[in-house]
Amino acid sequence: MWWQGENKEALDVLAKTDELRVSSVMLTGDVGKDTDALRKAAGGGAHLAFDMVGGAKDPNSTLAALGSLYRQGRLVLMGSTMTPVPINYMLMMFNSLEIIGNFMYPHTAYLPLLALLRSGQLDMSPIVPKEFSLADLPQAIEYAAKAQNLECVVVTTRDRG
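This is a predicted model, so every value here is computed, not measured.

J.: Go over the nonpolar core, please, and point to the residues and values.
T.: Grouped together as the largest cluster of nonpolar side chains are eleven residues: Ala46, Ala49, Val53, Ala56, Ala65, Leu66, Leu69, Leu75, Leu77, Met92 and Leu97. Listing elements by their share of this core, those giving two or more residues are β3 (46–52), α3 (60–67) and β4 (69–78). The biggest single contributor to this core is β4, with three residues.

Shown next, in the form of structure tokens:
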């Protein structure tokens, strides 16, 4: 499994969660170089790539993820992008690649996540929760808008006082 991104500190934290199974790739913005780096991190290529597009302003990371796939690979895109993604149809056709757009999560998505947690395969300790009371909802929303990769906002009905 590899993680890609542009935030080296966040990638380093993720890579340390399971150094035997997780590696990180710092993206450069150069599609060719990033494709090569992703393929190398995946041991020659990936069968599946999951790209959290997240307001991307250029298509480079998505194109690198697509280029890192083995024949008959699948790229799942989630999130929004501010720019068109120019897909090379010949690359897709000759390699039988599949691109899937996904909006949010299915209502059962938490079940395999819980199974990974219970089995010890997923370490949640790098995630930093910030708790707010329901009365502080406006501040929670402000904080969430600025939260970084491994931060999350939890709103609770109990009084923290």
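J.: Go over the layout of surface pockets, please, and point to the residues and values.
T.: In this structure, the second largest pocket occupies an estimated 160 Å³ of space. Forming the walls of the second largest pocket are Met52, Leu77, Met78, Gly79, Ser80, Asn102, Phe103, Met104 and Tyr105. Its residues assigned to classes, the lining of the second largest pocket shows six nonpolar, three polar and no charged.

J.: Lay out the pairing of β4 in plain terms, naming residues and giving numbers.
T.: Bridge count between β3 and β4: six bridges; the pairing is parallel. The residue bridging Ala49 from the neighbouring strand is Leu75, located in β4. Chirality of the crossover, the property in question, places the unit of β3, α3 and β4 among those that are right-handed. Pairing geometry for β4 and strand β5 (residues 98–102), over five bridges, is parallel. Each bridged residue has a counterpart across the sheet, and for Leu77 the counterpart in β5 is Gly101.

J.: How would you sum up the pairing of strand β7 (residues 151–156)? Please name residues and give values.
T.: The sheet contact formed by strand β6 (residues 128–133) and β7 spans six bridges and is parallel. By the bridge assignment for β7, Ser133 is matched with Thr156. The parallel pair β6 and β7, bridged by helix α6 (residues 137–146), forms a crossover whose chirality is right-handed.

J.: How would you summarise the pattern of salt bridges if you had to cite specific residues and measurements?
T.: Across all of its chains, the model carries one salt bridge by this definition. A salt bridge links Glu98 to Arg74; the nearest nitrogen and oxygen atoms lie 3.1 Å apart. Separated by 24 residues along the polypeptide, Glu98 in strand β5 and Arg74 in strand β4 bring together distant segments of the chain.

The rules behind these values
Residues numbered from 1 in each chain as written. Predicted model: local features only at pLDDT ≥ 70, side-chain atom pairs only at ≥ 80, totals over all residues. Heavy atoms only, no water. Core = buried A, V, L, I, M, F, W, Y, C linked by side-chain atoms within 4.5 Å. Buried < 20%, exposed > 50% of the residue type's maximum accessible area, 1.4 Å probe, protein only. Helix = DSSP H or I, 4+ residues; strand = E, 2+ residues; numbered from the N terminus. 1 Å grid on protein atoms, 1.4 Å probe; cavity = no way out; pocket = protein on both sides within 12 Å on 5 of 7 lines; lining within 4 Å. Points joined across faces, edges and corners; volume = space filled by probe spheres on them. Nonpolar A, V, L, I, M, F, W, Y, C, P; charged D, E, K, R; others polar. Pairing = 2+ DSSP bridges. Right-handed = clockwise from strand over helix to strand, strands pointing away. Salt bridge = Lys/Arg side-chain N within 4 Å of Asp/Glu carboxyl O.

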